[in-house]
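What follows is each chain in one-letter form.
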Amino acid sequence: MDFLVVDVETANPDSRSICQIGIVGFRDGVLVETWQSLVNPGTRFDPGNIAIHGIRPEDVRDAPNFADIFHELRARFDGRIVGSHTAFDRRAICGAAELHGLPAPACRWLDTAQVVRRAWPQFAKRGYGLANLSRHFGLPFRHHDALEDARLAGEVLRRSLPRQLALEIPLLHPLRPRLERAERDRGGPDDDRVRPGRH
């Protein structure tokens, strides 16, 4: 049950204009690592984006650019399972890497929004955004802060794992062996359990 979750904020509608990155890591269902950095995107800030996340050009003036922190991302990502809530963050990181002439991280990407949509029927078509999930699960967070968004997505993914296993949903094949071992060691599944045939 080891995985990372990443979230980014961007300076403008171009997903490659990353101005903040947040990463959390879970091991055996426990949050064990966090990392975040402001990023100088080297491009304009759109007022609409600033209104969402509150990051301004002066906040990133002395921050590293994406190429400067790429070694940190590769050290954390390569060979790991990395979640992002929708494909936006994956596209942003891979696009920024390409923009800087860098290889995409060698990780296995997992869309945590798709996980939520399959694990909880009430979120199959709507309501799977982070703000609504925060309210549903009673998990307070500060929306549109990259580290906070990553932490919440990671916590929701952790809660979904027993449901994925019980419902035999194939989305999480890379995590299934470790999840099954953890369930045996604990003697039972985590909260929000669903047994086959009862969903």
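Described in the following lines is the structure provided in the data block.

Calculation criteria
- Residues numbered from 1 in each chain as written.
- Predicted model: local features only at pLDDT ≥ 70, side-chain atom pairs only at ≥ 80, totals over all residues.
- Heavy atoms only, no water.
- Helix = DSSP H or I, 4+ residues; strand = E, 2+ residues; numbered from the N terminus.
- Buried < 20%, exposed > 50% of the residue type's maximum accessible area, 1.4 Å probe, protein only.
- Phe/Tyr/Trp six-rings, centres within 6.5 Å; stacked < 30°, edge-to-face > 60°.

**Focus on unusual backbone geometry**
Although it is not a glycine, Thr86 adopts a positive phi angle of roughly 80°. Relative to the helices and strands, Thr86 is located in the loop between strand 4 (81-84) and helix 3 (88-99). Even without being a glycine, His144 presents a positive backbone phi close to 65°. Residue position: His144 is located in the loop between helix 5 (130-137) and helix 6 (146-166). Given the relative accessible area of 29%, His144 is considered partly exposed.

**Some words on the packing of aromatic side chains**
On inspection of all chains with the given rule, the structure shows four aromatic pairs. Ring geometry for Phe77 and Trp109: centres 6.0 Å apart, planes at 85°, overall edge-to-face. With Phe77 in helix 2 (residues 66-77) and Trp109 in strand 5 (residues 108-111), this residue pair connects regions lying 32 residues apart in the sequence. Overall, Phe77 belongs to the buried group, its relative accessible area being 0%. According to the relative accessible area criterion, Trp109 is partly exposed, its value standing at 25%. Ring plane angle 65° and centroid distance 5.1 Å describe the contact between Trp120 and Phe137, whose orientation is recorded as edge-to-face. In this pair, Trp120 sits in the loop between helix 4 (112-119) and helix 5 while Phe137 sits in helix 5, placing the two residues 17 residues apart along the sequence.

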